[in-house]
Amino acid sequence: MARSHRELFVWQKAKALAVRLYRETESFPKSETYGLSSQLRRASVSVASNIAEGQGRLTRGEFQHFLGMARGSLLEVDTQLAIALDLGYMQPKSFEEVDCEIKC
């Protein structure tokens, strides 16, 4: 196993997704500052954070538990992105690119 969470490819992808979503939500309406923008940001940060926390735990079972939590947060992001698309807060091309980052 990797010595640091930073060595994990999945953590690197999750961190990149969080950064991307922070940038994407900058263009959301100001009325969403404490709504969908905040939810997307927190959920995406939670994905990377849970991977890191799990990697730092002492047992494989604990790591798997935190990976499960990260997956749950990722599904939150997926749902919130679909809502953002339906509300017209994201362009379809941007949505498809982010959707691929999540599912590919």
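This text gives an overview of the structure that appears in the document. All values derive from a computational prediction rather than experimental measurement.

Observations concerning the overall build of the protein chain
Argument step 1. Along its length, the protein chain carries four helices and zero strands.
Argument step 2. Each helix and strand of the protein chain, ordered N terminal to C terminal, gives the series α-α-α-α.
Argument step 3. By its C-alpha atoms, the protein chain is 45 × 25 × 20 Å across when sized along the principal axes.
Argument step 4. In the protein chain, buried positions account for 38% of the 104 residues.
Argument step 5. Counted over contacts in the protein chain with a minimum sequence separation of 6, partners at least 24 positions apart contribute 62%.
Argument step 6. When the accessible surface of the protein chain is split by element, carbon and sulfur atoms take 54% of a total near 6,500 Å².
Argument step 7. Across the protein chain, the 14 positively charged side chains and the 13 negatively charged ones have centroids separated by 6 Å.

Regarding the nonpolar core
Argument step 1. Counting residues in hydrophobic clusters, the biggest one holds 14 residues, and the most contacted among them are Leu21, Phe28, Leu40, Val77, Leu81, Met90 and Val98.
Argument step 2. Of all the secondary-structure elements, those providing two or more residues to this core are α1 (9–25), α2 (36–55), α3 (60–86) and α4 (92–103).
Argument step 3. The next biggest cluster of nonpolar side chains, apart from the first, holds nine residues, and it includes Trp11, Val47, Ile51 and Phe63.

Notes on the packing of α1 against α2
Argument step 1. For the pair α1 and α2, interaxial distance at closest approach is 9 Å and the crossing angle is 165°. As the angle between them shows, α1 and α2 are arranged roughly antiparallel. For α1 against α2, the interelement crossing comes out left-handed. For the pair formed by α1 and α2, the contact residues are Val10, Trp11, Ala14, Lys15, Ala18, Leu21, Tyr22 and Thr25 on the first element and Ser37, Leu40, Arg41, Ser44, Val45, Val47, Ala48, Ile51 and Ala52 on the second.

Quick notes on α1
Argument step 1. Along its 17 residues, α1 runs 24 Å from first to last C-alpha, staying within 8% of the 24 Å computed at 1.5 Å per residue.
Argument step 2. Along α1, the residues that are buried comprise Trp11, Ala14, Leu17, Ala18, Arg20, Leu21, Glu24 and Thr25.
Argument step 3. Lining the buried residues of α1 we find α2, α3 and α4.

Thresholds applied
Residues numbered from 1 in each chain as written. Predicted model: local features only at pLDDT ≥ 70, side-chain atom pairs only at ≥ 80, totals over all residues. Heavy atoms only, no water. Helix = DSSP H or I, 4+ residues; strand = E, 2+ residues; numbered from the N terminus. Buried < 20%, exposed > 50% of the residue type's maximum accessible area, 1.4 Å probe, protein only. Contact = heavy atoms within 4.5 Å. Areas by Shrake-Rupley, 256 points an atom, 1.4 Å probe, with all protein chains shown as cover. Lys, Arg positive; Asp, Glu negative; His and termini not counted. Charge placed at Lys NZ, Arg CZ, Asp CG, Glu CD. Core = buried A, V, L, I, M, F, W, Y, C linked by side-chain atoms within 4.5 Å. Axes fitted to C-alpha atoms, helices over the stretch in contact; angles between N-to-C directions. Parallel < 35°, antiparallel > 145°, perpendicular 65-115°, else oblique. Left-handed = near helix turned anticlockwise from the far one by under 90°. Expected span 1.5 Å × (residues − 1).

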